[in-house]
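Letter by letter, the chains look like this.
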Amino acid sequence: MSISGRILGATALGLIAAAAATSAMAADKLSLQMNWTADSAHLGFAVAQVEGVYEKHDLEVELVEGRGSAVAAQLVATGQVDLGYADTGATLNVAAKGAPIKIISTIWKSGQFGIQYLADSGISGPDDLKGRKLAVSPGSAMMPLIPVFMKANGLGEDDVEIVTASESAFLGLLNSGQVDAVSQTPENIVVPLAAQGIKAGNMYFYDNGVPIASLSLVAREDTIAEKGDVLARFIQATAEGWKMAMADPDKAIADLLEVFPETENSAESLKQAAVFSFASVCPAGSGDTIGVTPPETWEEMFSVMTTAMDLSSDKPVTTYYTNDLVPAEPVTCP
């Protein structure tokens, strides 16, 4: 081969190598600030990370454990992270104060807030609470929702005796029979009772007249405008991750423990809690669309939040969310 041929060949190889390097670096980077430390609420993200779903969608995702939903929303608002995973109510409260953020996908379409009781209590629905004692923690997110729940189910103020107590005392109050029910989440009541060999029941507010979504993906408005395609790919990949998690919970838990090896949650406790997390992702069961709350449900939720949760009604609910980035072809629950 001539010198010029060798030079041309080397140049061509260099161009190919450069193109390959550019392709390898093409993944868009995103940071996700989680609402709290890793638990069953984050299974779909871990699956998408470990099983290469984010990579398949040309994404390089950093999952950052959090210190609360309000903090996650504020970090997004100040541009310190690309995305937040935060409670809907906390997010809207931050946005209502002028933060330029919106919810772009509702992962937990049903909040886990509700009422828990021992399986042998004779309670199975709202009517069974008549004449019973219900423990609620003062200042908790559940407190303002109790009157809405009672009104929606035809219960008067005198039908249920409300006992204020610390959430840390709930398990003891139930086990000792000092109260008949508590208002918390099944993960914090049903799961630890199960670990003690005690069966407990749960009724969600969401299924009983108080529709409130919980953990959602949050982004700044300018990020939505500038990186809409990247965010849409993240929503798609995350929905696929949740679907895979529900199809194989044991593998999902192994993936979570791989991504977050220092979590204090055991595989067994994660498996018990996953049942309730999956129910929040798919409140309508098999075939429900992952990550999408329709406008009519948003209107219902907004009504609850503005009447019971002190959210201002000065702005329409469409100020706070968008469904423009969710998958055109729905990712559905298995």
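Residues numbered from 1 in each chain as written. Predicted model: local features only at pLDDT ≥ 70, side-chain atom pairs only at ≥ 80, totals over all residues. Heavy atoms only, no water.

Overview of the pairing of strand E4 (residues 101–106)
Across the six residues of E4, five count as buried, placing the element largely inside the fold. The sheet contact formed by E4 and strand E10 (residues 215–220) spans five bridges and is antiparallel. Paired with Thr106 across the two strands is Ser216, which belongs to E10. (Buried < 20%, exposed > 50% of the residue type's maximum accessible area, 1.4 Å probe, protein only. Helix = DSSP H or I, 4+ residues; strand = E, 2+ residues; numbered from the N terminus. Pairing = 2+ DSSP bridges.)

Some thoughts on the pattern of salt bridges
As enumerated under the stated definition, the model contains nine salt bridges in all. Measuring nitrogen to oxygen at the nearest pair gives 2.6 Å for the salt bridge that ties Arg233 to Asp28. Placement of the pair is Arg233 in helix H10 (residues 228–247) and Asp28 in strand E1 (residues 28–33), with a sequence separation of 205 residues. Taking relative accessible area as the criterion, Asp28 reaches 26% and is therefore assigned partly exposed. One salt-bridge network, held together by shared partners, links Asp28, Asp229 and Arg233. (Salt bridge = Lys/Arg side-chain N within 4 Å of Asp/Glu carboxyl O.)

Side note on helix H13 (residues 295–308)
With 14 residues, H13 should cover 20 Å at 1.5 Å per step; its first-to-last C-alpha distance of 20 Å lies within 8% of that length. Listing the buried residues of H13 in full gives Thr297, Trp298, Met301, Phe302, Val304, Met305 and Ala308. For H13, the angular spread of the buried residues around the axis is 160°, confining them to a single face. Turned more than 90 degrees off the buried face of H13, the exposed positions are Glu296 and Thr307. Buried residues along H13 sit in contact with helix H5 (88–96), E4 and helix H6 (145–152). In the stretch just after H13, Asp310 is the one whose phi turns positive, near 60°. (Expected span 1.5 Å × (residues − 1). Arc of directions from axis to C-beta. Contact = heavy atoms within 4.5 Å.)

Remarks on the confidence of the model for the protein
A low pLDDT score tells you not to read the predicted coordinates there in detail. Per-chain confidence: the protein averages 92 in pLDDT, with 93% of residues scoring 70 or above. Taken as a whole, residues 18–23 scores under 50 in pLDDT and shows zero contacts with residues more than four places along the chain or in a different chain. (pLDDT = per-residue confidence, 0-100.)

Some remarks on the state of the cysteines
Overall, the coordinates contain one disulfide when judged by the stated rule. Between the sulfur of Cys282 and that of Cys333 lies a disulfide, 1.9 Å long from S to S. On the S-S bond that ties Cys282 to Cys333, the torsion sits near -95°, and the link is left-handed. Within this pair, whereas Cys282 is found in the loop between helix H12 (267–281) and H13, its partner Cys333 is found in the segment after H13, the two being separated by 51 residues in sequence. Cys282 gets classed as buried once you look at its relative accessible area, which sits at 9%. Using a relative accessible area of 4% as the deciding quantity, one classes Cys333 as buried. (Disulfide = S-S within 2.5 Å.)

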